Amino acid sequence: MTSNRTHTLEKLLENYLITPGSPPPITQTADSREKLTTCFEDDKSHFGSSVASYFIFLRWMYGINLVLFGLTFGLIMVPEALMGKPYGSLPRKTVPRAEEANAMNFATLYDFSGFAQYSVLFYGYYDNQRTIGWLKFRLPLSYFLVGVGCIGYSFMVVIRTMAKNADDDGGGDDTSFNFSWKMFTSWDYLIGNPETADNKFASITTSFKEAIVEEQESRKEENVHLVRFLRVLANFFALCTLAGSGYLIYFVVRRSQQFALEGLENYGWWERNEVNMVMSLLGMFCPTVFDIISALENYHPRIALRWQLGRIFALFLGNLYTFIIALMDEINLKLEEEKIVRQNMTIWLTNLYNGTIPENVTDPPPHVHLADVPRGPCWETMVGQEFVRLTVSDTVTTYVTILIGDFLKAVFVRFFNYCWCWDLEYGFPSYSEFDISGNVLGLIFNQGMIWMGAFYAPCLPAINMIRLHTSMYLQCWAVMCCNVPHERVFKASRSNNFYMAMLLFILFLSTLPVVYTVVSIPPSFDCGPFSGKTRMFEVIGETLEHDFPAWFRKLFNLASNPGVILPVILLMVLSIYYLNATSKSYQGAILELKKKLQSQAEENKRKNKQKAQEARKALEDAQKTETNENNSNSIQDKQRGENNVKKMRGQQQKEKPFPAGVTNGNILPPGSGKGRGLVPPPCIAVTQSSGLATIA
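Residues numbered from 1 in each chain as written. Predicted model: local features only at pLDDT ≥ 70, side-chain atom pairs only at ≥ 80, totals over all residues. Heavy atoms only, no water.

Going by what an unreviewed UniProt entry lists, the protein chain is known as Transmembrane channel-like protein and is assigned to Gekko japonicus. A UniProt comment under Subcellular location (unreviewed entry) is attached to the protein chain, and it reads "Membrane". The Sequence similarities (unreviewed entry) comment attached to the protein chain in UniProt states, word for word, "Belongs to the TMC family." (UniProt positions renumbered as here; feature names shortened; annotations may be inferred.)

(A) Up close: the overall build of the protein chain. Helix and strand counts for the protein chain stand at 19 helices and four strands. Here the protein chain, with 696 residues, has 38% of them falling under the buried criterion. Restricting the contact set of the protein chain to residue pairs at least 6 apart, pairs at least 24 apart contribute 77%. In the form shown here, the protein chain has an accessible surface area of approximately 41,500 Å², with 62% of it arising from carbon and sulfur atoms. (Helix = DSSP H or I, 4+ residues; strand = E, 2+ residues; numbered from the N terminus. Buried < 20%, exposed > 50% of the residue type's maximum accessible area, 1.4 Å probe, protein only. Contact = heavy atoms within 4.5 Å. Areas by Shrake-Rupley, 256 points an atom, 1.4 Å probe, with all protein chains shown as cover.)

(B) Just empty space enclosed by the protein, in detail. The final tally for this structure, using the stated rule, is four cavities of 30 Å³ or more. What lines the second largest cavity is Ile324, Leu327, Met328, Ile331, Val383, Phe387, Met452, Tyr456, Pro513, Val514 and Thr517. Contributing elements (two or more residues each) for the lining of the second largest cavity: helix H12 (301-352), helix H13 (379-416) and helix H16 (497-520). By residue class, the composition of the lining of the second largest cavity is ten nonpolar, one polar and no charged. (1 Å grid on protein atoms, 1.4 Å probe; cavity = no way out; pocket = protein on both sides within 12 Å on 5 of 7 lines; lining within 4 Å. Points joined across faces, edges and corners; volume = space filled by probe spheres on them. Nonpolar A, V, L, I, M, F, W, Y, C, P; charged D, E, K, R; others polar.)

(C) Region of interest: the state of the cysteines. The final tally for this structure, using the stated rule, is one disulfide. The partner cysteine of cysteine 378 in its disulfide is cysteine 527, sulfur to sulfur 2.1 Å. Every disulfide takes its handedness from the sign of the S-S torsion; for cysteine 378 and cysteine 527 that torsion is 100°, giving right-handed. Taken together, the residues cysteine 378 in the loop between H12 and H13 and cysteine 527 in the loop between H16 and helix H17 (538-547) connect sequence positions 149 residues apart. We note that cysteine 419 lacks a disulfide partner, and the nearest cysteine sulfur, in cysteine 421, lies 9.1 Å from it. Overall, cysteine 419 belongs to the exposed group, its relative accessible area being 57%. In this model cysteine 481 remains outside any disulfide bridge; the closest cysteine sulfur is found in cysteine 482, 3.2 Å from its own. (Disulfide = S-S within 2.5 Å.)

And the structure:
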């Protein structure tokens, strides 16, 4: 086992990383770029379908974010940049005077403050005019509908994918003649590329390993009591880890609230980013702890992966909702601060206009610079900044982990194994294995943050798309050059509905805070497209009032009446229940048909085996009969030959005796006749018949 893993890794290092005696490459060559284009096939062939399923899921997530980016970029950011008022035309689009000195510093921009904060990247930059530009584009309505449409599209795609996977699964798994099918039907005879042939060969080998593991797990016998004790102990350790993580997040959030009250400018970089860094570090180290704990349970690798995913899911979910609770507390503080700011602005305007404030004052006095106008805290921009920072910090942590934890570790093990005291490849630290559960959960929760934060930061889908695009190639390269296949390669599930179920649950939980803020919390009074309204959803009523006829408003009010909505929801629930019950009955019928087909196949197999045995027995009997007949015929022929010889000898003895000195018609040699003379020649009778002479 050790030699095989070493040989495999040396081959991968020679192809993708380094050759013996040469330094690691700094840049990607054309050959390596070609290999990156086929990374999915390489991963599946060398690491199994479980690792390949992660990259397929990542590519699917990239497609969703591409659509979200198209909606937010094309219907929100581009119209505001092209048709909206430019930078410096409004206080919400101008950097305050106190921040101008550091507005372009790298540290400020990396923190998404300064000019980045007062740009189309965040909610607070957008104007609240009903229409903008010569197209009369309704930006507030577009902003609201795009936010709702992104959530609705995500629900539709996830549910549709789950339904498609369920159809592909079909219920049950047909494992009849598994090894025979793999042996005789696995090869693709259209392959003409040597590298593709190597990958196909490795893929077939890996599929045999997966099938062997499945067969071994189905026949394994265990000590039930010992296994139960170890699993209970493992769950206890996992709960202790989750509780410690939750307490640490709670403690850090309380500290961050205290820092915010005292002023973050009095603290350093760690104190300002403590919550984000602690969450990233917990997401990086806790999956490793769960992986060590799962070794006690001795589950099937696929079941162990699901337990691992469930524990990390609970960890990330606790961290995420602790973060949301902290943001809610921060929003309440911002709302209290906003009341004070509005009072101060009233006093400021009163002093500017000498005690009399004109009606409908929307712009500051002309002699006051926009950078000097007091403004509110804009809690929506603050929420968007937090999600963007968390996404960026999580991305940086992931990349640093790959480069240091995987690449440098692989280089160390590869070169120092020749001069070390023990075998570094098989012992400690050895090469890393690809963490499927941690990476899958990282994708899912990162997407949850995108769904929550995209309403307050339209740039989040673009940032996440860049993250997924770079991560796809970086992780694929890291898997092929720094990781080794799992010791227990196992086959992934035929459907990825387990991933999709967690993604759907996260989508639902991510929608709740957004819906709560839209429905219950008043928007900021001086920033964003919904400023000046009591609630954000009032933009729908405003649009119906100004842009639609009266009959349509009445119809919409009737459709939005709770007396209509509740029966419709009840009917939908009953329809879902009926369709679910029907689906289960069909699935049960399919399973019963499969069982009948399998039993019929076994019966036919038994009958064919019995017929084959009978035919074989009949053939053996026929062969025995034929052998006996041949033996008897040979004996009879032998006896017949002996009788013929005896008859011939008897006839010869009855014939006339030869003269003296002639034995059997032969002349005796001289001296053998005891003084007798020469023997006369034999009598020859000559007859004339057809020109032939006959000797008698």
